[in-house]
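# Residue-level structure breakdown
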Number of protein chains: 2
Amino acid sequence: MRATRTQAERREQTRRALVAAARQLFADKGFAGTSTPEIAEAAGVTRGALYHHFADKAALFIAVVEEEHLLIAMAINSAAAGEDEPGPIKAVLGSCNAFLDAMADPGRRRIMLMDAPAVLGSQTLSRIESQYGLSATVRGLGEAMELGVMRRLPIAPLAQLLRAMVDRAAQAPEEEQADYRKAIKALVRGLKA
Amino acid sequence: MRATRTQAERREQTRRALVAAARQLFADKGFAGTSTPEIAEAAGVTRGALYHHFADKAALFIAVVEEEHLLIAMAINSAAAGEDEPGPIKAVLGSCNAFLDAMADPGRRRIMLMDAPAVLGSQTLSRIESQYGLSATVRGLGEAMELGVMRRLPIAPLAQLLRAMVDRAAQAPEEEQADYRKAIKALVRGLKA
DNA sequence: CCATTTTTATGCAGCCTGTATGTAACCGGC
DNA sequence: GCCGGTTACATACAGGCTGCATAAAAATGG
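Procedures and definitions
- Residues numbered from 1 in each chain as written.
- Chains lettered and ligands numbered in written order.
- Predicted model: local features only at pLDDT ≥ 70, side-chain atom pairs only at ≥ 80, totals over all residues.
- Heavy atoms only, no water.
- Salt bridge = Lys/Arg side-chain N within 4 Å of Asp/Glu carboxyl O.
- Helix = DSSP H or I, 4+ residues; strand = E, 2+ residues; numbered from the N terminus.
- Buried < 20%, exposed > 50% of the residue type's maximum accessible area, 1.4 Å probe, protein only.
- Near = heavy atom within 4 Å.
- Polar contact = N/O pair within 3.5 Å; in protein donor to acceptor, adjacent residues only side chain to side chain.
- Domains from an automatic or database assignment.
- Contact = heavy atoms within 4.5 Å.
- Buried area = accessible area lost by both parts, 1.4 Å probe.
- Nonpolar A, V, L, I, M, F, W, Y, C, P; charged D, E, K, R; others polar.

On to the pattern of salt bridges, then. Residue and element names in this part refer to chain B. All chains considered together, the criterion is met by 24 salt bridges over all chains. Taking the shortest distance from any N to any O, the salt bridge between R23 and E68 comes out at 2.3 Å. Here R23, found in helix 1 (residues 7–29), pairs with E68, found in helix 4 (residues 57–81); they are 45 residues apart in sequence, far enough to count as distant. For the pair R23 and E68, a shared accessibility class is recorded, and that class is buried. Put simply, R181 and D101 hold a salt bridge, and the shortest N to O gap is 2.8 Å.

Quick look at the structure:
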């Protein structure tokens, strides 16, 4: 670290520190259980810096959620890249399983599945989700229908329902994970044309 | 109202007033956006009474959630009673639609679908849900499998997935409700043996 | 009718959030 | 290389909220 930093460097550095500290604390103690003094201290700055970069505590939380969405999408993409492509339905199921694998982290589950809906509200949440994670599912479903291997149904709602299922499955206890994956597989398979 | 009330009457009266006032405020402004002074004032008592009857704000919220669960279950049951029973799969679909009808109230959606997961946590939530709403679904699915009209799959996970789907569908905008119901119907129909 | 328990009210300590104000670091032009 | 201006950060403060402790009032039971 140089003794003097450019503004952009300072800016991004403290922003990153804040988001990283917040992600850790939100993961451990939840949104409501985490205070801005805690976050600032963990990030090594003062609350002044926090409120300079983020409008309020919720805005910082949103930044954490977006980063997490990005990480999850990357994990799913790299899992999909490692597989051969034996058809769109299998591809959709593969990304469901990759999502569940990505959700193994309890902190991530707490942030994304417990707190995010309450803090963001359903419309903000669905906007962010459709921006990050859901578009791939929509593409996969559309492709399957185009190819005639899946019943024609409203695509966006179907994608939302799929997402809702894997969200719920991710929250199930470890020992039931396999059963959930089996049930999801059966439900999706049932859509075959 | 008599000038003098028995203890049980006093107790239940203020309890009801608190739960009713809280339900209204939580519905309008959310759990985090509602303060205990507000609730007490709306109920016509002081915060002292509130904290005498409920351990904390979350306990009052839980009471609201349980009452809401009860109302929803009653609505679903009376809808089911009004229908003839043309088979367990149709019965399951019927209760899905009855649930969606019961979720038309935005305040109820806010309480049950946005705030409850964050306030209660996933394990408390699923305990309450399995106690109130999910047992009927489990029964219906088990019956369908016993009769051989539905594929044999892990029942409890399947019920959870179904609940997750209708929860998500309930949060969809009004104009997409029909599409969601269609998609759910197709997914459940896909489970036919 | 009095002692006791239950219900309700009041006051307090500590914390948190968001903002307003002050200071320090950087930047671009001369 | 200095200097006005802007951006980044720190400090101080006001208001509100939660949960508890203590006090008053109401009911119960003997």
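Residues in close proximity to DNA strand C total 23 residues, the closest being A:T6, A:T36, A:R47, A:Y51 and B:H53. Of everything in DNA strand C that lies within 4 Å of the protein, sugar and phosphate atoms constitute 75%. B:T46 has a polar backbone atom sitting 2.9 Å from a phosphate oxygen of DNA strand C. Going through the elements one at a time, helix 1 (7–29), helix 2 (36–43) and helix 3 (47–53) of chain A together with helix 1 and helix 3 (47–53) of chain B are the ones with two or more residues in the surface near DNA strand C.

Our focus in this paragraph is the domain arrangement of chain A. Residues and elements named next belong to chain A. According to the domain assignment, chain A contains domain 1 (1–54) and domain 2 (57–189). For domain 1 and domain 2, the distance between their C-alpha centroids amounts to 29 Å. Of the residues lining the interface, 18 residues belong to domain 1; the matching set on domain 2 comes to 16 residues. Each partner contributes to the roughly 1400 Å² buried at the junction of domain 1 and domain 2, and carbon and sulfur atoms together form 71% of this total. On the domain 1 side of the contact with domain 2, R23, F26 and F31 bury the most area, a combined 46% of that side's loss. At the junction of domain 1 with domain 2, the criterion picks out two salt bridges. Here domain 1 and domain 2 share six residue pairs in polar contact (both at pLDDT 80 or more) between them. Elements represented by at least two residues in the side of domain 1 that touches domain 2 include exactly helix 1, helix 2 and helix 3. Among the elements that take part in the side of domain 1 that touches domain 2, helix 1 stands out by supplying nine residues, more than any other. Looking at the side of domain 1 that touches domain 2 residue by residue, the classes come out as eleven nonpolar, three polar and four charged.

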